[in-house]
Amino acid sequence: MEWDVLIAIFPSVVVDGLVLGFVYAMIALGYTMVYGVLQMINFAHSEIFVTGAFVGAEILLIMQAGGTLGALHPLALLAVIVLVAMLVSAVLAVAVERIAYRPLRGAPRLIPLISAIGVSFFLQDAIRLVESLWRNAFYLTYPVVEFFDLRIAIAGDIDVPIKSILVVVASLLMLVVLTLFVNRTRLGTAIRAVAEDQAAAGLMGINVGRMISLTFLIGGAMGGAAGALFGVQFGTINPYTGFIPGIKAFTAAVLGGIGNVPGAMVGGLVLGMLETLAASYMSLLTGGAFGAEYKDIFAFSVLILILMFRPRGLLGEVVREKL
Amino acid sequence: MRDALAVGLLSGAVAVYLALVGVVEQLHGRLVLAEPVRLSLGQVALFLAGLVGAMAVARRAAAGSPAAAVLAGALAGVSAGAVLSMLVLAGPALNVRAMFVNASPPLFDLITLGRGPGGVPAILALWGALGAAAGAAARLPAGARRPLAWGAAAVLLLSIFQELAQLILQAGERTAVVADLLFTSDSPTPGAAAVVFVATVALNALWRARGEGFRRRTETIPPAARRVLRMAGPALAVVAALLLPAVGGAFISQVLVIVGLYTLMGLGLNLEVGFAGLLDLGFVAFFAIGAYTVGLLTSVGSLGIAQMSFWAALPVAVIVALVAGVVLGIPVLGIRGDYLAIATLGFGEIVRLLVLSDFLRPWLGGSQGLLDIPKPVFGGVELVGPEHLFYVTLAFSALVAYVAWRLQDSRLGRVWMAIREDEDVAEALGVDLVSAKLLAYGLGAAFAGVGGAIFAVMLGSVFPHSFQLLISINVLALIIVGGLGSLPGVIVGALALVGLPELLREFGEFRFLVYGALLVVMMLLRPEGLWPAAEQRRELREHVEATEPALEAAAAPPTAGEPTGG
């Protein structure tokens, strides 16, 4: 009887896993690209992500207050919030790099790490401060857009909300564009060159500082888009929302082989899927001894095992190029 | 001149922004001066936005004559004032309030100094004068400008911390007299402000003029006397520390106990990160293990298992933490650098989630935690309040600091430093990496265990919620802010990073904002820490002087390598 349940919910579990996986993948890109060029864990990236989520919420809430929420087609609405969130987060990420990381280039590695932690605290409370002064609350809920919650059948009598499909499609689109950009354009090549060898890239006439800024720009944009999509999917956000997805996304980046762009995507998907499967099935499979609340323990255990036995990550050796 | 106009408009926009998001009104409640003019911190914030702009403009116009600088400053001031005036004039008409809750009549009153829309010419004149003053100030020689700036900053600090200062001073009878001299009920007294301003300016100017000579003279003191002098500082500090709870009362003692706990953890983490170079972000786990061990052993509640006394449970907690450090150290032996940080972070979270889980709830109480932990009894006296616990913390911090100090130059300490500098070379020279690393993890964990034990009796209960990742991050930040690998640095760092947010409670929701910004500024201006260890300072100096930092960074390979052992 239990097996019937397992099989019956499987398709929707897969969709949930994909949604989570794509969100992780998009955040993981920011970590992995910055790590690729600077060998630094950008602790503030989770706040870049949250900023995107707040920008999305603000746009929708302001439109709702103005009564214009229904005027735009929901798809256009999604495009608008994702694009604006990308823009704001990207600018913020570049500004953070300029102010808090660039002057520390060449210092021992712990120094920028602490600076990043400082930025993270600062941004968390800056968001909280602005929101509590502006709305008198810093827990925001995305307004309901009915179209997003419509359910469509994907297999037999299993249906999922449209927003899940949209999140997956939108992330897929952006990941494809990013991959093409990194691999097919001159700028992408320049970023990869900087990641490979900063000094040599500089000698070849590549403006290293500008490429690092560009890396933060792209990572920030991806993080912002992930934030807006996260908000649409899960609804409620607060300034501290970013922490857990941030840690998970970093885990995903390590899982895929840090510094490796396709690796971050694969890592994100694998982690999102594993986590959702664990959350849905652990309780059933262990007869209720371990419930869904163990999914984080599960995720961290995977992380430690990977670091112990395959520190280069899943794709670290297959794909030799680094970024 | 176009520059001045642009900067002025920009700083005006910044002022409007500050006003509209509510920062100004929030700060308006705090008065800098009540007499002869009523000036609130909110107004100061507005003026500062304009002043900084005018100052920058005047600096840029430095090539021209002093008159040009003053003129540029004035122009910047007037244009900033104009932007603000526009807000005042347009605000009520356009019903800005519908969008910005903070655009209230009191805000406009505050900007126009209570004169209403008719006050616009007055605003322009005032801002112009301020700008001109800023322009003039920018042209003053540094010898005069710096002391004046310090003086103004001191008065501002006096008013920002007035509530806290009053709280502390009013606690004692004699100090209450001082409080009445310094403060009225809502602001510093004009006399106090003037005295603080003049004294700061004078001291600063004096130091500027005489500091170099003073320093040179101390160098001529005979070595024996100098040694006495050098001991005088720490001796004074110890005496002051012993007296502090009696003088400062419960609040200060409570803060100091927390500083002490962070010092204990910092000393432990310093063994791992500062000495052995093992970056650990899950350190709070050992603090938790110490706390839970003491909780289980001493609690008289339903989950207590032994009802032991604190003093009997403490050694057990230390040993359990030590063993936990070694056990958790084994799987991460072969992991290096940033990967190690993430792996340990994972361990820290796993420990917290396990404690929180249903699985262990029958033993550890889940999110309810362990309750009814009795206070320690020493010589028949129950150590109840923070004033008492302060001495316990101080004694153990001193003991642990002594152990760390003796370890630093021991054979083991040198082995750790060899690992920190280059793991592969150290191994090639015959260092037993496994035992050295495990000792670092174990001893570091044991130190944190002491802190956890005291933490458990301080609260009288233990909850998983107290052991967030934030604690690990704070401990790491404090040893870096203090100066990595430096023992006095740990104490200074703990004081700065724990004491500061406590003092910054004044800022309410601004607290971690300021704290985060200060962390960044600290890293930018003084990356070697407040009290750096000698070699750390040397290394960082070399880095600053290195001509090609980019080349160096590129030459150092990423530390993530293949596992070498374990």
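Quick caveat, the model's predicted, so the values are computed rather than measured.

Rules used in this analysis
- Residues numbered from 1 in each chain as written.
- Chains lettered and ligands numbered in written order.
- Predicted model: local features only at pLDDT ≥ 70, side-chain atom pairs only at ≥ 80, totals over all residues.
- Heavy atoms only, no water.
- Helix = DSSP H or I, 4+ residues; strand = E, 2+ residues; numbered from the N terminus.
- Buried < 20%, exposed > 50% of the residue type's maximum accessible area, 1.4 Å probe, protein only.
- Contact = heavy atoms within 4.5 Å.
- Areas by Shrake-Rupley, 256 points an atom, 1.4 Å probe, with all protein chains shown as cover.
- pLDDT = per-residue confidence, 0-100.
- Salt bridge = Lys/Arg side-chain N within 4 Å of Asp/Glu carboxyl O.
- Phe/Tyr/Trp six-rings, centres within 6.5 Å; stacked < 30°, edge-to-face > 60°.
- Expected span 1.5 Å × (residues − 1).
- Axes fitted to C-alpha atoms, helices over the stretch in contact; angles between N-to-C directions.
- Parallel < 35°, antiparallel > 145°, perpendicular 65-115°, else oblique.
- Left-handed = near helix turned anticlockwise from the far one by under 90°.
- Nonpolar A, V, L, I, M, F, W, Y, C, P; charged D, E, K, R; others polar.
- Core = buried A, V, L, I, M, F, W, Y, C linked by side-chain atoms within 4.5 Å.
- Patch = residues over 30% accessible without salt bridge, like charges linked within 9 Å, V, L, I, M, F, W, Y side chains within 5 Å.

## Regarding the overall build of chain B
Next, step 1: Looking only at helices and strands, chain B features 24 helices and four strands.
Next, step 2: Split into buried and exposed, the 566 residues of chain B put 49% on the buried side.
Next, step 3: In chain B, of all internal contacts separated by at least 6 residues, the share reaching a separation of at least 24 is 74%.
Next, step 4: Roughly 26,300 Å² of accessible area belongs to chain B as shown, and the carbon and sulfur atoms make up 70% of that amount.

## Comments concerning the environment of Val182 of chain A
Residue and element names in this part refer to chain A.
Next, step 1: Considering the arrangement of structural elements, one finds Val182 in helix H6 (residues 162-184).
Next, step 2: Among the residues examined, Val182 registers a relative accessible area of 4% and is labelled buried.
Next, step 3: Put simply, Val182 and Val261 are 79 residues apart on the chain and 8.8 Å apart in space, counted from C-alpha to C-alpha.

## So, the side chain of Ser253 of chain B
Residues and elements named next belong to chain B.
Next, step 1: For Ser253, the position within the fold is in helix H11 (residues 223-275).
Next, step 2: With a relative accessible area of 0%, Ser253 lands in the buried category.
Next, step 3: Once you skip the residues sitting within four places of it in the chain, Ser253 turns out to touch Pro245, Pro386 and Glu387.

## Re the confidence of the model for chain A
Next, step 1: Looking at chain A, the pLDDT average stands at 87 and 94% of residues meet or exceed 70.
Next, step 2: In this model residues 317-323 of chain A is a low-confidence stretch, pLDDT under 50, and it forms 21 contacts with partners more than four residues away in sequence or in other chains.

## Re the pattern of salt bridges
Proximity of charged atoms lets side chains of opposite charge pair with each other.
Next, step 1: A full pass over the atoms with the stated rule returns ten salt bridges over all chains.
Next, step 2: Ionic pairing is found between Lys248 of chain A and Glu275 of chain A, a salt bridge with its closest N-O pair at 3.3 Å. Residue Lys248 of chain A is located in helix H10 (residues 243-256), and its partner Glu275 of chain A is located in helix H11 (residues 261-285); the two are separated by 27 residues in the primary sequence.
Next, step 3: Owing to a relative accessible area of 2%, Lys248 of chain A belongs among the buried residues under this scheme.
Next, step 4: Under the relative-accessibility criterion, Glu275 of chain A is labelled buried at 4%.
Next, step 5: The shortest N-O distance in the salt bridge between Glu421 of chain B and Arg420 of chain B comes to 3.1 Å.
Next, step 6: A network of salt bridges, in which partner residues are shared, links Glu97, Arg102 and Arg105 of chain A.

## Structural notes on the side chain of Ser472 of chain B
Next, step 1: Position of Ser472 of chain B relative to the elements: it lies in helix H20 (residues 469-482).
Next, step 2: Sequence-distant contacts of Ser472 of chain B, defined by excluding residues within four places in its chain, comprise Leu281, Gly282, Phe283 and Val284 of chain B.

## A short note on the packing of aromatic side chains
All names here are of chain B.
Next, step 1: In total, this model carries 16 aromatic pairs over all chains according to the counting rule given.
Next, step 2: Centre to centre, the rings of Tyr292 and Phe467 are 6.1 Å apart; their planes meet at 50°, and the pair counts as tilted. Taken together, the residues Tyr292 in helix H12 (residues 284-298) and Phe467 in the loop between helix H19 (433-459) and H20 connect sequence positions 175 residues apart. In this pair, the class of Tyr292 matches that of Phe467, namely buried.
Next, step 3: Pairing Phe390 with Tyr391 gives two aromatic rings, centres 5.4 Å apart and planes at 70°, and the pair type is edge-to-face.
Next, step 4: The class for Phe390 is buried, based on a relative accessible area of 5%.
Next, step 5: Since its relative accessible area comes to 36%, Tyr391 is described here as partly exposed.
Next, step 6: An aromatic cluster is present here, built from Phe287, Tyr292, Phe455 and Phe467 joined pairwise through their rings.

## Overview of the environment of Leu178 of chain A
Residues and elements named next belong to chain A.
Next, step 1: Along the polypeptide, Leu178 turns up in helix H6.
Next, step 2: Owing to a relative accessible area of 4%, Leu178 belongs among the buried residues under this scheme.
Next, step 3: In this structure the C-alpha to C-alpha distance between Leu178 and Met222, which are 44 residues apart in sequence, comes to 9.1 Å.
Next, step 4: Residues within four places of Leu178 in sequence aside, it is in contact with Leu29, Met33, Ile218, Met222 and Val261.

## Looking at helix H7 (residues 142-160) of chain B
Next, step 1: In this model H7 of chain B runs 26 Å from its N-terminal to its C-terminal C-alpha over 19 residues, within 8% of the 27 Å that 1.5 Å per residue would give.
Next, step 2: What H7 of chain B keeps buried is the set Arg145, Pro147, Gly151, Ala154, Val155, Leu158, Ser159 and Ile160 of chain B.

## A word on unusual backbone geometry
All names here are of chain A.
Next, step 1: Even without glycine at this site, Gln39 takes up a positive phi of about 50°.
Next, step 2: Here Gln39 lies in the loop between helix H1 (2-38) and helix H2 (45-66).
Next, step 3: One non-glycine residue with positive phi stands out, namely Asn136, at about 65°.
Next, step 4: Here Asn136 lies in the loop between helix H4 (110-134) and strand E1 (140-141).
Next, step 5: Note on Asn136: relative accessible area 69%, which makes it exposed.

## Description of the packing of H11 of chain A against helix H12 (residues 295-309) of chain A
Residue and element names in this part refer to chain A.
Next, step 1: Closest axis-to-axis distance for the H11/H12 pair is 9 Å, and the angle between their directions is 140°. With respect to each other, H11 and H12 are oriented oblique. Two packed elements cross with a definite hand, and for H11 against H12 that hand is right-handed. On H12, the residues touching Leu271, Leu274, Glu275, Ala278, Ala279 and Met282 of H11 are Lys295, Asp296, Phe298, Ala299 and Val302.
Next, step 2: Of the residues assigned to the contact of H11 with H12, the class counts are eight nonpolar, no polar and three charged.

## A look at the packing of H2 of chain A against helix H9 (residues 208-234) of chain A
Residues and elements named next belong to chain A.
Next, step 1: Direction vectors running N to C along H2 and H9 enclose 50°, while the axes themselves pass 6 Å from each other. As far as their axial angle goes, H9 and H2 are oblique. The handedness of the crossing between H2 and H9 comes out as right-handed. Note on element contacts: H9 touches H2 through Gly219, Gly220, Gly223, Gly224, Ala226, Gly227, Ala228 and Phe230, opposite His45, Ile48, Phe49, Gly52 and Ala53.
Next, step 2: Class assignment for the residues of the contact of H2 with H9 results in six nonpolar, seven polar and no charged.

## Some remarks on the nonpolar core
Next, step 1: Judged by nonpolar contacts, the single largest core of 217 residues is most densely connected at Val82 and Met174 of chain A together with Phe467, Leu476, Ile479 and Ile480 of chain B.
Next, step 2: Ranked by residues supplied to this core, first place goes to H1 of chain A with 17 residues.
Next, step 3: If sequence neighbours within four positions are ignored, Leu476 of chain B has contacts with Leu113 and Ile114 of chain A together with Leu269, Val273, Leu279 and Leu281 of chain B.
Next, step 4: Counting 19 residues, the second-largest nonpolar core is a separate cluster that includes Ala15, Leu84, Val88 and Trp127 of chain B.

## Re the confidence of the model for chain B
Detailed reading of the predicted coordinates is not advisable wherever pLDDT falls low.
Next, step 1: Averaged over every residue, the pLDDT of chain B is 80; the share at 70 or more is 84%.
Next, step 2: Residue range residues 546-566 of chain B is modelled with pLDDT below 50. Its contacts to residues more than four positions away, or to other chains, number 27 contacts.

## Notes on H4 of chain A
All names here are of chain A.
Next, step 1: Its 25 residues place the ends of H4 36 Å apart at the C-alpha level, agreeing with the 36 Å of an ideal helix rising 1.5 Å per residue.
Next, step 2: Counting buried positions along H4 yields 21 of 25 residues, so the element is predominantly enclosed.
Next, step 3: At the exit of H4 stands Asn136, carrying a positive phi of roughly 65°.

## A look at a nonpolar patch on the surface
Residues and elements named next belong to chain A.
Next, step 1: Together, Leu72, Val80, Val84, Leu87, Val88 and Val91 give the surface a local cluster of nonpolar side chains, amounting to about 440 Å² of exposed area.
Next, step 2: Positionally, Val84 belongs in helix H3 (residues 74-101).
Next, step 3: By relative accessible area, Val84 is classed as partly exposed at 31%.

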